[in-house]
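The residues making up each chain are set out below.
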Amino acid sequence: MHLTRLSIDALRCLRQVEVVPCAGLNLFLGGNGAGKTSVLEALYLLGSGKSFRFGGHEAVIAHGARMLQLYAELEHGGRFERVGFERARSGWRALRNGEKVGDLAELAGLVPVVCFSPESHLLVSGASEVRRRFFDWIVFHVEPEFATAYRRYARALRQRNALLKQEPDSRSLSVWTIELAEAGETLSDLRSRVLPDFSALLVNALNKLLPEAAPFAVSYRRGWRDGMPLLERLQMLQVRELALGHSLAGPHRSDWLVEINGHEIREHGSRGQQKLVALASVLVAARLYTQRRGEPPLVALDDLSSELDVEHQRRALLECAALRAQLWVTGTQRTPAMDEWIGEIRTFHVEQGHITAGN
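Values in this document were obtained by computation on a predicted structure and should not be read as measured data.

**Some words on the packing of helix 7 (residues 170-209) against helix 10 (residues 271-293)**
Helix 10 packs onto helix 7 with a crossing angle of 130 degrees between their chain directions and a minimal axis gap of 9 Å. Taken together, helix 7 and helix 10 sit at an angle that is classed as oblique. Relative to helix 10, the crossing made by helix 7 is right-handed. Residue-level inspection shows R193, V194, D197, F198, L201, L202, A205, L206 and L209 of helix 7 in contact with helix 10, the latter providing L276, V277, L279, A280, S281, V284, R287, L288, Q291 and R292. Here the contact of helix 7 with helix 10 is built from residues that sort into 13 nonpolar, two polar and four charged.

**Brief notes about the pairing of strand 8 (residues 113-116)**
Of the two faces of strand 8, the one holding V113 and C115 and the one holding V114 and F116 are both buried throughout. Note: strand 8 against strand 12 (residues 298-301), four bridges, orientation parallel. Residue pairing in the sheet places V114 in a bridge with V299 of strand 12.

**Looking at the packing of helix 7 against helix 8 (residues 230-244)**
Packing of helix 7 against helix 8 leaves a shortest axis separation of 10 Å and a crossing angle of 130 degrees. Of the possible angle classes, the one that applies to helix 7 and helix 8 is oblique. Crossing angle aside, the handedness with which helix 7 passes helix 8 is right-handed. Together, L173, T177, I178, L180, A181, G184 and E185 of helix 7 and L230, L231, L234, Q238 and L242 of helix 8 make up the contact between the two elements. Split by residue class, the contact of helix 7 with helix 8 holds eight nonpolar, three polar and one charged.

**With respect to the sheet that holds strand 4 (residues 67-76)**
Strand order in this open sheet of six strands is 2-1-4-5-6-7, and the pairing throughout is antiparallel. Looking at which strands have only one partner, the edges of the open sheet turn out to be strand 2 (17-19) and strand 7 (99-100). Bridging between strand 6 (residues 91-96) and strand 7 involves two bridges; their strand directions are antiparallel. Bridging across to strand 7, R96 finds its partner in E99.

**Quick word on the sheet that holds strand 10 (residues 255-260)**
The strands making up a sheet associate through backbone hydrogen bonding, with each pair oriented either parallel or antiparallel. Taking strand neighbours across the sheet as the criterion, the three strands line up as 9-10-11 in an open arrangement whose pairing is antiparallel. Looking at which strands have only one partner, the edges of the open sheet turn out to be strand 9 (216-221) and strand 11 (263-264). As paired elements, strand 9 and strand 10 share six bridges and run antiparallel to each other. Residue pairing in the sheet places S219 in a bridge with L257 of strand 10. Against the sheet, helix 7 touches strand 9 and strand 10, its axis set at about 155 degrees to strand 9.

Rules behind the numbers
Within each chain, residues carry numbers counting from 1 in the order of the written sequence. Restriction of local features to residues with pLDDT of at least 70 applies here, the model being predicted, together with a cutoff of 80 or more for giving and counting side-chain atom pairs; totals for whole chains, interfaces and linings are based on all residues. Computation of side-chain values covers all heavy atoms of the structure but excludes hydrogens and water. Comment: axis = line fitted to C-alpha atoms, over the contacting stretch for helices; angle = value between 0 and 180 degrees taken between N-to-C directions. The helix count covers DSSP runs of H or I at least four residues long, the strand count covers runs of E at least two residues long, and both are numbered beginning at the N terminus. Here roughly perpendicular refers to angles of 65 to 115 degrees, roughly parallel to angles under 35, roughly antiparallel to angles over 145, and oblique to all remaining angles. Helix crossings fall into two classes, left-handed where the near helix is turned counterclockwise from the far one by less than a right angle and right-handed where it is turned clockwise. Residue contacts are counted whenever heavy atoms from the two residues lie within 4.5 Å of one another. Here the term charged refers only to Asp, Glu, Lys and Arg, the term nonpolar to Ala, Val, Leu, Ile, Met, Phe, Trp, Tyr, Cys and Pro, and the term polar to all other amino acids, Gly among them. Partly exposed residues are those whose accessible area sits between 20% and 50% of the maximum for their type, while under 20% is buried and over 50% is exposed, using a 1.4 Å probe and protein chains only. If DSSP finds at least two bridges between two strands, the strands pair.

Here it is as structure tokens:
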């Protein structure tokens, strides 16, 4: 899929700007603080309802504005769609072809975006929640049952945790323990369907990006003991859970990790290696989406020239070209890797919140 028009108003320093992108490489150049990253943030908001940057909802809305507004026209699987999104401090609202969007899952399905940014190293060095959320983005887009399964599990987890914080009667706790176990097994099975392809593609990508550090492996922890039903594990942990007030086993505790020579890269890898693992993960998400859905997602690469050397920039751009993805890249200046792009390219200059099309 690709966007044919993007309008942004009151997103950080961007006010009433419009971008008409090409289907290939869209390059946004400007100094630090000019608003380049906010363009990619707009894409991400359209595809998730939230930002990939820190600061919460209020930080995204321009100072003095009541809300931010986004509007996009896009081609998706041969269909043309119009999407509007508003984020106020009190909540969000979205329209699809003039009809109200009921939940963020519908928005995410309509505008799939993968993003590599300076914060992406947290995909390796950060908490398990970051990696879990990233992997679930993939599973959501390639397994149709995932959204329903995730909502069911999240509801059961909330209900059971609320009970564990009280002094529940054994019957009520048993009901929600069984529900959590059943929902958790379903959710874990959906993740397990995608994991082998994700692991194989990621190892292959890392062998190309970091051949000097091979061999690589991807390990996965589903959130409770292997070979044991989740219900049995929850029953074993129930006394401790009652003392702590929350559930200690289940898919909400899952994690995946990259290893080099048997050592976790988040503990033994350099900052540069962690960045490349994060980049490889983002590109693998785009490739897996493309393989399963028949068309690529939007790919956003923020501050590419500062995050990667020229050779790794070149490899990332070649991978995106092979996917035939619409690519949104920010930087302070063009680099040799960008100049080597073969295909359609459109350059935009960003300065103090204003965007102008250039040569």
